[in-house]
Amino acid sequence: MKTCHRITPRSATMALAAIAALSCVYPSLSRAQPAAAPVTARHGLVASDHHLATDAGAQVLRQGGNAVDAAIATAFALAVVLPSAGNLGGGGFLVYHDAMGRATTFDFRETAPAAATERMFLDERGAVRDTSNHKGPLSVGVPGTVAGLWLAHQRHGSRPWAELVQPAIDLAAGGFPFSPRMRGWCDWLATTTDSLYAAARAAFLADGAHPLALGQTLRQPDLAATLTRIRDDGQEGFYAGETARLLAAFMREHGGLISEADLAAYHAVERAPVRGTYRGYEIVSMAPPSSGGVALIEMLNMLEGDDLAALGHNTAPYLHLLTETMRRAYADRAQFLGDPEANPSQPLDRLLSKEHAKALRATIDPLAASPSDSVRFGAAYLAPESEQTTHLSVVDAAGGAVSLTYTLEESYGSGLVVPGTGFLLNNEMGDFNAVPGRTDRRGIIGTAPNLVAPGKRMLSSMTPVIVTQGGVPVLVVGSPGGRTIINTVLQVVLNVIDFEMDIRAAAEAPRIHHQWLPDVTRLEEQGFPAELQKQYEAMGHVVAPRPPMGIVMGISVDRETGWRHGAADSRSVDGGVAGY
Ligand code: DON
C-alpha cells in the first residue's frame, strides 16, 4: 500500500526463506495487470456492482451525505438494478468506521422463522428429505435488509431517509437497460410454468412471458410501490402493513413458515466489530453470525510471521503458505462459529488471538501440504455455493467509510417473488447445517453451532472489512462468493499491504481458494500457468480450476494526499466507481 507505512515483518521461517531465495525457480506468475488505473476522487467515492447504483450513492455524497447515507442509497438502488443479489428480501452486514476512530457494525442477517425446527429438512430416517432447504418457500429466512439499513440510518444517517430511497424508486418506476447478466435467469424463468414463480415472471419478463432484449428498459412497478411504502413508513413499510400482509399470505398459500408475527419480530442488531492487527494496520470486520471477520483476522495473524513479499506474489511457496493458512482457519470456522446469541460461548477471543495463530502456524510444514483430516477430525462435504451476493464500498468527504455486503444467498435467491411486491425472497435457510450431528467425509456439516432453531441467524461467510491506520480508514473492501469470500478478501488485503499493489491491481490479481474440506485448492482458471501448478502440486496439493472468484469492490485512501482510489473488479459485468 503506497500510502501506508510498510512495517517489515518478523523474519520468515528458515525453510520459507530458503524457498524464497529460489525465486528464480518460482517466478511470479500473476495474470497480466490491467493497464487501467483506479478511479480517483478528492472527496468521496462509491464502488458497487452496478454503475447505476454507484451513481445513486455518489449523488448522495455530492449532496453532503455521509458514507452511511450513500451506502443506503446504493443498496436500495442495487435492489432494483441488480436483482440477482441486491435485495429487499435478503440480508447482510454493514461495517461503519468514521474518521475519528469509531467503528460499529449492523447485522441484518436473516433469521429462521418461529415455526422452524432443527429437523425441518429431514425425513424420518434423519436424511435430508429433498431440496427444500435450498428451494421453495421453506428455504426463505425472515428478511433483514430493510431493518438493517433503517437501523444504520437511525444511528448514523445524516440525510433524510426518503431522499435515500427515492433513487431506487425512480429506477424501478422509470426502468433501466436490461443487462446481459440477467439473461440466464430470465431465459430459465421463461421456460418454467410452475405457478410458484408466476410473480417472478410478471416482474422480470416482457408480458410475463418473454425475456427482454438486451438494452430494453425493464420497469418494476410493484417494486416501486414497495419501495414507496419503505420510503414513507421506514422499517414499518416492509415489516408491517401491506408488504408484510402480502408476504405472509404468499407463505401461507405455499407452505412456507414466515408469518406476519415473524416479520414484526425481526430486528437488526448493532454489534461491536471484530478487530485485529496486521503489520501495523487495524482490521475491522464483522463478528458472528459472520464467520468472515474472525477467519480473516485468524489468517492474517497466521501470515504475519512470514515475509510474504520475499516469497513473491502467487509463487508456489506463497500459495502453499496461503493454502495451509486457509485450511486451518476454515476448520476453526466449521467447528466453532454460528449465531452469537445461540452460541454464547464461541471462543472468539481465542480464535482472534496472536497466540492461537502462532500455535496453528507451528503446525504448518513449509515444504508439504498437511491433509485436512490431520487438521481436524472427520471430514465434511461443503455444498457448492453459488456466487451471487454483492458488496459495496463507500468513503465520504470526512473520511468515514462503509463496507456493506448483502445477499439473497443463491443468484436470485429462492427465485420467488411475493405477488404484488416485486421483490425476490432469499433462500438463506440453506446456510444452516441441515443434519444435526452428521459431519462425515462425503456428507454434510452437522456441527452444533449452526443448526436450525427458531429466530436464529444462519452462519455467513460475508466479510465486509475496513482496514485502518492510526484509526483512519485506508482500505474498504468486500466481495461476493459464498465461502470463497473470506479468501478473496484476504488476498486483496495481502495484495495491498504486502505486495503494495494499488486497489485496482489488488482486485484484479488471480485468486485461489481452499476451505479445509474438500481438500482441494481451487485456482482461477485464468492466471495460474501450468508450470506454477506443477510446482504447487509437487508440494502435495490437489488442484482444480474454477471460474472467476469473487467480485471485489474496493476503495483505498492515500493518507498523505487524501485522494480516494476505487476499483470495481472487472469480474463484474456492470460494476462502477464514481465520486467527486
Ligand atoms: O452468507 C453467506 O455466506 C452466503 N449466503 C453468501 C452466498 C454468496 O455469497 C453467494 N454468492 N456470491
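Residues numbered from 1 in each chain as written. Predicted model: local features only at pLDDT ≥ 70, side-chain atom pairs only at ≥ 80, totals over all residues. Heavy atoms only, no water.

## Topic: the packing of helix α14 (residues 316-336) against helix α20 (residues 530-537)
For the pair α14 and α20, the least separation of the axes is 9 Å and the interaxial angle reads 55 degrees. With respect to α20, the axis of α14 lies oblique. The two elements α14 and α20 cross, and the hand of that crossing is right-handed. Two secondary-structure elements touch here, α14 through Ala316, Leu319, His320 and Thr323 and α20 through Leu532, Gln535 and Tyr536. Its residues assigned to classes, the contact of α14 with α20 comprises four nonpolar, three polar and no charged. (Axes fitted to C-alpha atoms, helices over the stretch in contact; angles between N-to-C directions. Helix = DSSP H or I, 4+ residues; strand = E, 2+ residues; numbered from the N terminus. Parallel < 35°, antiparallel > 145°, perpendicular 65-115°, else oblique. Left-handed = near helix turned anticlockwise from the far one by under 90°. Contact = heavy atoms within 4.5 Å. Nonpolar A, V, L, I, M, F, W, Y, C, P; charged D, E, K, R; others polar.)

## Details of the nonpolar core
Among the nonpolar cores identified, the biggest contains 84 residues, and Leu308, Leu322, Val467, Leu490 and Leu494 are the most heavily contacted of them. Sorting elements by how many residues they give to this core places α14 first, with eleven residues. When near neighbours in sequence (up to four residues on either side) are disregarded, Leu494 contacts Tyr278, Leu300, Leu303, Leu308, Tyr318, Leu322 and Phe499. In terms of nonpolar packing, the next biggest core, distinct from the first, is built from 82 residues, Ala56, Ile72, Ile258 and Val418 among them. (Core = buried A, V, L, I, M, F, W, Y, C linked by side-chain atoms within 4.5 Å. Buried < 20%, exposed > 50% of the residue type's maximum accessible area, 1.4 Å probe, protein only.)

## Considering the pairing of strand β2 (residues 45-48)
Covered by surrounding structure in β2 are Leu45 and Ala47 together with Val46 and Ser48, the residues of both alternating faces. Pairing geometry for β2 and strand β19 (residues 576-579), over four bridges, is antiparallel. Among the inter-strand pairings, Ala47 is bridged to a residue of β19, identified as Val577. (Pairing = 2+ DSSP bridges.)

## Considerations on the side chain of Asp262
Here Asp262 lies in helix α11 (residues 260-265). One buried charge, Asp262, has no salt-bridge partner; the nearest side chain with opposite charge is Arg252, at 9.9 Å. Polar side-chain contacts of Asp262 include one of 2.9 Å to the backbone nitrogen of Ala114. Not counting the four nearest positions on each side in its chain, Asp262 is found in contact with Pro113, Ala114, Val142 and Leu257. (Lys, Arg positive; Asp, Glu negative; His and termini not counted. Salt bridge = Lys/Arg side-chain N within 4 Å of Asp/Glu carboxyl O. Polar contact = N/O pair within 3.5 Å; in protein donor to acceptor, adjacent residues only side chain to side chain.)

## Digging into the sheet that holds strand β17 (residues 553-557)
Across the sheet, seven strands lie side by side as β1-β18-β17-β13-β12-β9-β8; this open sheet has antiparallel pairing. Strands with a single pairing partner mark the edges of an open sheet, and in this sheet they are β1 (39-41) and β8 (274-278). Across this sheet, the average inter-strand angle for adjacent strands is 20 degrees, counted without regard to direction. The sheet contact formed by strand β9 (residues 281-285) and strand β12 (residues 465-469) spans four bridges and is antiparallel.

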